[in-house]
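# Coordinate analysis (summary)
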Amino acid sequence: MTPHGKITGHPRTISRVSVAHEMVDRRGAAQTALVSVGAAIVLIAIKLVAGIVSGSLALISEALHSGTDLIAGVLAFLALRVAGRPADSEHPYGHGKAEHLSAILEGAILVGASVFIVAEAVLRLVNGSGPITTSWWIYAVLGLVIVIDTLRTISSHRGAQKHNSAALAAGAVHFASDLAGTLAVTVGLLLVDAGYAWGDSVAAIAVAALVLTAAGRLMWGNAGILLDKAPVTDLARAEEALAGLAPGVETRRLRLRAAGGHHFADVVVAVAPESALGQAHDAADAVEAALLAEIPGIDVTVHVEPATARSTYERVLVAAQAVPGVREVHNVRLVQVAGQTEASLHLKLPGDTPLADAHDAADRVEAAVRARAPEVAAVRTHIEPLTEPSAGKPSSSAQLAATVRAAVEEGASGSVTELRMVEVEGGLVAYVTVALPGALPLADAHARAAQARRRAREAAPDIRDVFVHTESA
């Protein structure tokens, strides 16, 4: 409980099973990234040899493009290794953003390569290009490259979905642009064979345009995550989940962010101002459960604060409960006297509290009530000690129990479903449960319980007290 009476719920604790599952996911994603590195090395060699032999700028550009694939693949592999590390004191939210940083670096490499390609292509268009030689094996190489690009695009896309990895998703986009670039190179060489020498340079520019588009999309999306941009779709799902909470829980703020395939939520909710600490904690648990059901694995931090007290009764109760030292407030009563509102309430403090200190606490309660509920003209307090646990044992008096049962059933006009007699210091105490019609108004049920208590004490004057609990029949 903070000085302002707010309660912060604990963040979700990740179980060992979920941590192990996450480690398996990261390991699988890293293996997929490693396969991409091997494929990039093969493609660089194939495209570079074919480009040098044929003199095709488009093929050499594609080799350079695959060179960025190699760098990107290595970055993705290293990023996944870093992202898989557990949270520590310096990185309490984990290392998931390493993936997104890797994607930003990959995008920057792609932009640099594209600028180089465009500049060289423009020079060739202006000054003319050297001889370009094509043959069947060049087209065979292009066909092989298309097959490899297709397979690794599909592999990375599936890996990204399976492992929920931003790095692998970025790789899938990159490989798809490679496939499109290879197709553009093939068209350019076909144009060269048809007598259009500019076809190769135009194909190189087309490759660069594809790369720039992919790089821009890649950098923009991952920059948003690094800047904690809220995932719109997931935010809507989270808001819908919180809208289904109990009416007494009011959502005041919801902040959502994602990183490294994980979601983090920061939620502020308000509960009734008279709610006890346990009730506030239950509200925090309900918020966490609702979000986990909608977004599995989400890390939730819930802050609970009291709702605005609307009635005078609520303001009086909240003001008294907030005074340090006061353990319990009950019997709050508001009375209209000569057109003015007066309040009376009972305060419980530890039994060993010196009277002077207890009186000071009562004075602070009266001052707090006047400050929070200025419409109250007078405040009167009654100080009581907290009830300490006392020893007790079940009573074996069947005759006395029968007397109490009959008196309670007569007074409450209902049937007794449970009766327990307990011997405590100072006499016997009866605990009685009475079944009443479920449609009976609460005020009437309370009146019947009070009547039953009076009848029982009259019928058995040796009993120290009778507690009557009512329930729906």
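Structure report, in brief. Since we're looking at a predicted model, the values are computed, not measured.

### Overview of the packing of helix α9 (residues 312-321) against helix α10 (residues 355-372)
Put simply, α9 and α10 touch, their axes get as near as 8 Å, and they point 140 degrees apart. When the axis of α9 is compared with that of α10, the two are oblique. Note on packing geometry: the crossing formed by α9 with α10 is right-handed. In this structure, α9 uses Arg315, Val316, Val318, Ala319 and Ala320 to contact α10, whose residues at the interface are Val365, Ala368, Val369 and Arg372.

### Thoughts on the side chain of Thr186
For Thr186, the location among the structural elements is in helix α5 (residues 166-193). Classification of Thr186 as buried rests on a relative accessible area of 17%. A distance of 2.9 Å separates the side chain of Thr186 from the backbone oxygen of Thr182, its partner in a polar contact. Not counting the four nearest positions on each side in its chain, Thr186 is found in contact with Tyr139, Leu142 and Ile146.

### Observations concerning the environment of Ala280
Relative to the elements of secondary structure, Ala280 occurs in helix α8 (residues 277-294). Residue Ala280 is classed as buried on the basis of its relative accessible area of 2%. C-alpha of Ala280 to C-alpha of Val304: the two residues are 24 residues apart in sequence and 6.6 Å apart in space.

### Section: the side chain of Asp465
Structurally, Asp465 is set in strand β11 (residues 463-472). For Asp465, a relative accessible area of 18% puts it in the buried group.

### Focus on the pattern of salt bridges
Tallied over the entire structure, the rule returns 8 salt bridges. A salt bridge links Arg255 to Asp266; the nearest nitrogen and oxygen atoms lie 2.6 Å apart. In this pair, Arg255 sits in strand β2 (residues 250-259) while Asp266 sits in strand β3 (residues 262-271), placing the two residues 11 residues apart along the sequence. Note that Glu375 and Arg315 form a salt bridge whose closest N and O atoms lie 2.5 Å from each other. Taken together, the positions of Glu375 in the loop between α10 and β7 (376-385) and Arg315 in helix α9 put the pair 60 residues apart, joining distant regions of the chain. For Glu375, a relative accessible area of 32% translates into the label partly exposed.

What counts, and where the lines are drawn
Residues numbered from 1 in each chain as written. Predicted model: local features only at pLDDT ≥ 70, side-chain atom pairs only at ≥ 80, totals over all residues. Heavy atoms only, no water. Axes fitted to C-alpha atoms, helices over the stretch in contact; angles between N-to-C directions. Helix = DSSP H or I, 4+ residues; strand = E, 2+ residues; numbered from the N terminus. Parallel < 35°, antiparallel > 145°, perpendicular 65-115°, else oblique. Left-handed = near helix turned anticlockwise from the far one by under 90°. Contact = heavy atoms within 4.5 Å. Buried < 20%, exposed > 50% of the residue type's maximum accessible area, 1.4 Å probe, protein only. Polar contact = N/O pair within 3.5 Å; in protein donor to acceptor, adjacent residues only side chain to side chain. Salt bridge = Lys/Arg side-chain N within 4 Å of Asp/Glu carboxyl O.

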